[in-house]
Amino acid sequence: KQYAIAHAEDPFINLGDWDVGTFLPDGPNKKDLDAIFPDKPVILTDNSGHSSWLNSKALAMFGIDQQTPDLSSGVSMIVRDENGQTTGWIKEFQILDMLAESLLRSKPELKEMMKYYLNYLSAHGVTILWDAGNFILDEEIYSVLQELDQENALPMGYEGSYHIYDPRQIDFAIDELLKLRGAYTETRLKFNSIKIHFDGVVEIGTAGVLEGYELNPESHGGYLFSAEQLATFIIELQKHDIDLHLHSVGDAATREILNAVELARSTSNIEIEITICHLEHVNPDDFSRFAKLDVHANFTPHWWGGTFFGNAGEMQMGYERIYKSQPASELWSKGANVTFSSDVTTLSNHHRANPFVGIQMSLTRQEFDKGSNAPIFGPKTARLSLDQSITAYTFHGARQLGKENIIGSLEVGKQADFIILEENIFNMNIYKIHNLKPKAVFVEGLLESGEL
């Protein structure tokens with residue numbers, strides 16, 4: 001309310017974030033916002049980044065009523081009460097297309113912010129970045145990156161993608177990726193993959209899970225496509241040499257993806273790179289299938305302190321499933337190509353994209369800035385070794401991109417992407433690894449950050 005008074009001229013309020021766990025199981029309700037904001041549209045994003053709380057004016061602004069269909073069953077949806085009335089809780093990407101452009105900064109502002117973020121990543125050792133997608137803002141984002149590349153101001157290799165979050169997109173996604181490739185490819189900016197937001201997240205009950213949610217055992221979340229649909233799409237991607245990257249949090253969603261890959265490989269020669277990211281919950285029966293099917297297993301180690309999204313995940317899944325979640329060490333032991341990434345989407349959390357934060361947390365399964373006495377997330381056996389963690393960020397990451405013959409290790413004949421540290425990471429206190437900053441970062445043999 002104080003914000004509304006200070007920004008009385010704003011057409012609507014869009015802020016965050018609220019803790020999902022506070023309002024489970026039914027979620028927040030528009031009537032509580034209506035009591036404070038009867039006349040101004042209000043949209044509040046949750047702390048998982050996957051749902052919004054709207055008042056009645058905001059629902060009207062987006063044209064959402066009893067007849068509005070869900071974007072995808074069990075994933076992007078409008079929560080309704082027992083009478084079919086909208087409650088104001090909107091899950092996943094239901095209103096994204098209508099909201100996204102209102103969040104975009106001016107092009108000069110966007111360019112400066114992107115330069116800041118990319119230079120931060122470069123200064124912390126990133127030599128190539130894979131972009132998980134920009135929803136409907138591809139033109140706005142990639143035109144800025146193209147300018148940076150043309151100005152020799154893109155400090156790393158940059159792999160762009162086309163992002164599917166609405167099931168209808170699968171019919172034209174390949175054409176859209178090829179358009180991006182034709183319009184924006186430059187020296188360092190490339191387009192080789194499509195990303196599918198295959199399911200949601202456990203915090204709001206939209207991840208596809210085998211066993212029902214604790215707060216609603218009848219609910220198993222959802223995912224966008226059947227194994228048969230996805231297999232057909234994989235075969236089409238192979239024809240155009242386009243890689244596939246899939247967001248999957250729930251064990252049912254991951255199993256459906258693996259089934260699709262198995263089906264596609266049984267009928268066609270599939271040589272594209274296929275990656276499943278996040279993998280918070282994987283059924284043990286599926287651990288060995290990653291290596292067997294040559295599917296990359298991409299994890300997000302800065303989540304491994306267990307506190308990043310609050311306690312909603314444990315409320316939804318129960319202690320035992322959360323305790324065993326994000327099983328990177330188990331998949332590694334079964335031969336999977338385990339890789340690491342950041343999934344950082346906000347400026348306020350940009351420091352968590354630092355690979356040295358991820359390295360430390362993969363060794364400790366503890367919050368990086370809380371020291372050795374911080375709670376351990378999961379069993380100690382879930383911890384990885386330093387050699388494994390570095391490999392996940394380097395050679396295994398290169399394999400995920402299909403570039404292991406070009407980058408990912410220090411070998412004669414490979415591209416000179418490397419960093420120089422002033423300390424031997426293998427000899428230092430592991431709880432100080434997050435403080436490391438390279439003395440120098442080279443991309444294609446050129447000094448991009450630091451000094452000699």
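Presented here is an overview of the structure given in this document. Treat the numbers as computed from the prediction; the structure is a model and nothing was measured.

Cut-off values and rules
Counting starts from 1 at the beginning of each chain's written sequence and moves along it residue by residue. Whole-chain, interface and lining totals are the exception, using all residues; otherwise, since this is a predicted model, local features are given only for residues with pLDDT of at least 70 and side-chain atom pairs are given and counted only at 80 or more. To get the side-chain values, all heavy atoms of the structure are used, and hydrogens and water are removed first. Buried Ala, Val, Leu, Ile, Met, Phe, Trp, Tyr and Cys residues form a nonpolar core when they are joined through side-chain atoms within 4.5 Å. Categorising residues by exposure relies on relative accessible area from a 1.4 Å probe, with only protein chains included: less than 20% of the type maximum marks a residue as buried, more than 50% marks it as exposed, and the intermediate range marks it as partly exposed. Note on contacts: a residue pair qualifies if any of its non-hydrogen atoms lie within 4.5 Å across the two residues. Salt bridges are defined by distance alone: a side-chain nitrogen of Lys or Arg within 4 Å of a carboxyl oxygen of Asp or Glu. Only DSSP runs of H or I covering at least 4 residues are called helices, and only runs of E covering at least 2 are called strands; the numbering of each starts at the N terminus. Should DSSP find at least two bridges between two strands, the strands are regarded as paired. Between the N-to-C directions of two axes lies an angle of 0 to 180 degrees, each axis being a line fitted to C-alpha atoms and, for a helix, fitted only over the stretch in contact. Our angle categories are set so that under 35 degrees counts as roughly parallel, over 145 as roughly antiparallel, 65 to 115 as roughly perpendicular, and the remainder as oblique. Crossing handedness is defined as follows: a turn of the near helix away from the far one that is anticlockwise and smaller than a right angle gives a left-handed crossing, while the clockwise case is right-handed. Gly counts as polar in this scheme, as do all residues outside two lists: the nonpolar Ala, Val, Leu, Ile, Met, Phe, Trp, Tyr, Cys and Pro, and the charged Asp, Glu, Lys and Arg.

Counting residues in hydrophobic clusters, the biggest one holds 100 residues, and the most contacted among them are L145, I194, L230, F233 and F290. When residues no more than four places from it in sequence are discounted, the contact partners of L145 are M114, L118, L154, Y158 and L189.

Below, the discussion takes up the pattern of salt bridges. A complete count under the given rule lists 19 salt bridges for this structure. With a closest N to O distance of 3.1 Å, E147 and K111 form a salt bridge. Here E147 is found in helix α7 (residues 138-150), whereas its partner K111 is found in helix α6 (residues 107-123), with 36 residues between them in sequence. A salt bridge links K324 to E320; its shortest N-O distance comes to 3.3 Å. K324 gets classed as exposed once you look at its relative accessible area, which sits at 54%. For E320, a relative accessible area of 55% translates into the label exposed.

Judged by pairing direction, the sheet is antiparallel, and its 3 strands sit side by side in the order β13-β14-β15 without closing on themselves. Since the sheet does not close on itself, it has two edges, and those belong to β13 (418-420) and β15 (446-450), each with one partner. On average, adjacent strands in this sheet sit at an angle of 25 degrees to one another, irrespective of strand direction. Both β13 and strand β14 (residues 440-443) contribute to a ladder of 3 bridges, which runs antiparallel. Looking across to β14, one finds that I420 is bridged to A440.

A few words on the packing of α6 against α7. Two packed helices can be described by the angle between their axes and the distance between those axes. Remark: α6 packs on α7, axes separated minimally by 10 Å, with the N-to-C direction vectors making an angle of 65 degrees. The angle between α6 and α7 falls in the class roughly perpendicular. Seen along the crossing, α6 lies across α7 with a hand that is right-handed. When α6 is examined against α7, the residues K107, L110, K111, M114, K115 and L118 are found in contact with a partner set consisting of E140, I141, S143, V144, L145, E147 and L148. Residue composition of the contact of α6 with α7, grouped by class: 7 nonpolar, 1 polar and 5 charged.

Moving on, we get to the pairing of strand β11 (residues 295-299). Of all 5 residues that make up β11, 5 are buried, and the element is covered over most of its length. A two-sided burial pattern is seen for β11, the buried positions comprising V295, A297 and F299 on one face and H296 and N298 on the other. The sheet contact formed by strand β10 (residues 274-278) and β11 spans 4 bridges and is parallel. Among the inter-strand pairings, T275 is bridged to a residue of β11, identified as H296. Summarising the sheet, β11 and strand β12 (residues 338-340) pair through 3 bridges and their orientation is parallel.

Another point: the sheet that holds strand β1 (residues 13-18). Sheet architecture is open: 5 strands sit in the order β1-β2-β3-β5-β4, paired in mixed fashion. Pairing within the sheet leaves two strands with one partner each, and these edge strands are β1 and β4 (77-80). Between one strand and the next, the sheet's axes are offset by a mean angle of 30 degrees, whatever the strand orientation. Here strand β3 (residues 51-54) pairs with strand β5 (residues 86-91) via 3 bridges, running antiparallel. Bridge pairing links W53 to W89 in β5.

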